[in-house]
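# Breakdown of the fold
Below are the chains, spelled out letter by letter.
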Amino acid sequence: MIEIISESKCISCNLCVSVCPTNVFDRTSGGIPVIARQSECQTCFMCELYCPVDAMYVSPDAESAQVVDENELEQAGLLGGYREKVGWGPGRTPVAKHPYMYELTTKGAIS
Ligand code: SF4
Ligand code: SF4
């Protein structure tokens, strides 16, 4: 479930608003979207994937909201962490090239 938009990192591009399939966000006059309908989040990670500055955190817990601390998320590499793991963003390794994908194919999990 979407948990946070970092106001210090957000550049107000509104890509997250555009890609969210369930209209969780509202645009604002100040530019930084607000999480207006958190309970509508489907935990699809699309907003975090498309955020160009890693300003978002989607928790893998799809059932309930969490209390999160932005500084702790930042220190743990979790702001945009899913995006980083998938390999979206400059200088990152696409998920298809990660060693574990090779291991999956060689072990026959993927043919
Ligand atoms: S995780 Fe998906 S459903 Fe949830 S806010 Fe982001 S884009 Fe919308
Ligand atoms: S995609 Fe990221 S930078 Fe753009 S408005 Fe949303 S949170 Fe801000």
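Scroll up for the structure.
Residues numbered from 1 in each chain as written. Chains lettered and ligands numbered in written order. Predicted model: local features only at pLDDT ≥ 70, side-chain atom pairs only at ≥ 80, totals over all residues. Heavy atoms only, no water.

Now for the overall build of the protein chain. Along the protein chain, the regular secondary structure elements total five helices and four strands. Across the protein chain, helices and strands are ordered from the amino to the carboxyl terminus as β-α-β-β-α-β-α-α-α. Along the first, second and third principal axes, the C-alpha set of the protein chain runs to 50 × 30 × 25 Å. Across the 111 residues that make up the protein chain, the buried fraction comes to 33%. Expressed as a percentage of contacts within the protein chain between residues at least 6 apart in sequence, the contacts between residues at least 24 apart total 52%. Separation of charge centres in the protein chain, based on 8 positive and 14 negative side chains, amounts to 11 Å. (Helix = DSSP H or I, 4+ residues; strand = E, 2+ residues; numbered from the N terminus. Buried < 20%, exposed > 50% of the residue type's maximum accessible area, 1.4 Å probe, protein only. Contact = heavy atoms within 4.5 Å. Lys, Arg positive; Asp, Glu negative; His and termini not counted. Charge placed at Lys NZ, Arg CZ, Asp CG, Glu CD.)

Here the focus is the nonpolar core. Of all hydrophobic cores here, the largest spans 16 residues; its most connected members are Ile-2, Cys-16, Val-24, Phe-25, Cys-47 and Met-56. Listing elements by their share of this core, those giving two or more residues are strand E1 (2-5), helix H1 (15-19) and strand E4 (56-58). When near neighbours in sequence (up to four residues on either side) are disregarded, Met-56 contacts Ile-2, Ile-4, Ile-5, Cys-16, Phe-25, Cys-47, Glu-48, Cys-51, Leu-78, Leu-79 and Gly-80. (Core = buried A, V, L, I, M, F, W, Y, C linked by side-chain atoms within 4.5 Å.)

Under the definition given, this model contains two aromatic pairs. Arranged with centres 5.2 Å apart and planes meeting at 80°, the rings of Tyr-50 and Trp-88 form a pair that is edge-to-face. Within this pair, whereas Tyr-50 is found in helix H2 (residues 46-50), its partner Trp-88 is found in the loop between helix H4 (81-86) and helix H5 (99-106), the two being separated by 38 residues in sequence. Judged by its relative accessible area of 33%, Trp-88 falls in the partly exposed class. (Phe/Tyr/Trp six-rings, centres within 6.5 Å; stacked < 30°, edge-to-face > 60°.)

On to the site of ligand 2, then. Around ligand 2, the neighbouring residues are Ile-5, Cys-10, Ile-11, Ser-12, Cys-13, Asn-14, Cys-16, Pro-33, Cys-51, Pro-52, Val-53 and Met-56. Of the residues assigned to the shell around ligand 2, the class counts are 10 nonpolar, two polar and no charged. (Near = heavy atom within 4 Å. Nonpolar A, V, L, I, M, F, W, Y, C, P; charged D, E, K, R; others polar.)

With that settled, consider the environment of Asn-14. Note that Asn-14 resides in the loop between E1 and H1. Residue class for Asn-14 comes out buried when judged on its relative accessible area of 13%. Note: C-alpha distance between Asn-14 and Asp-26 (12 residues apart in sequence) is 9.2 Å. Other than its neighbours up to four places away in sequence, Asn-14 contacts Arg-27, Gly-31 and Pro-33.

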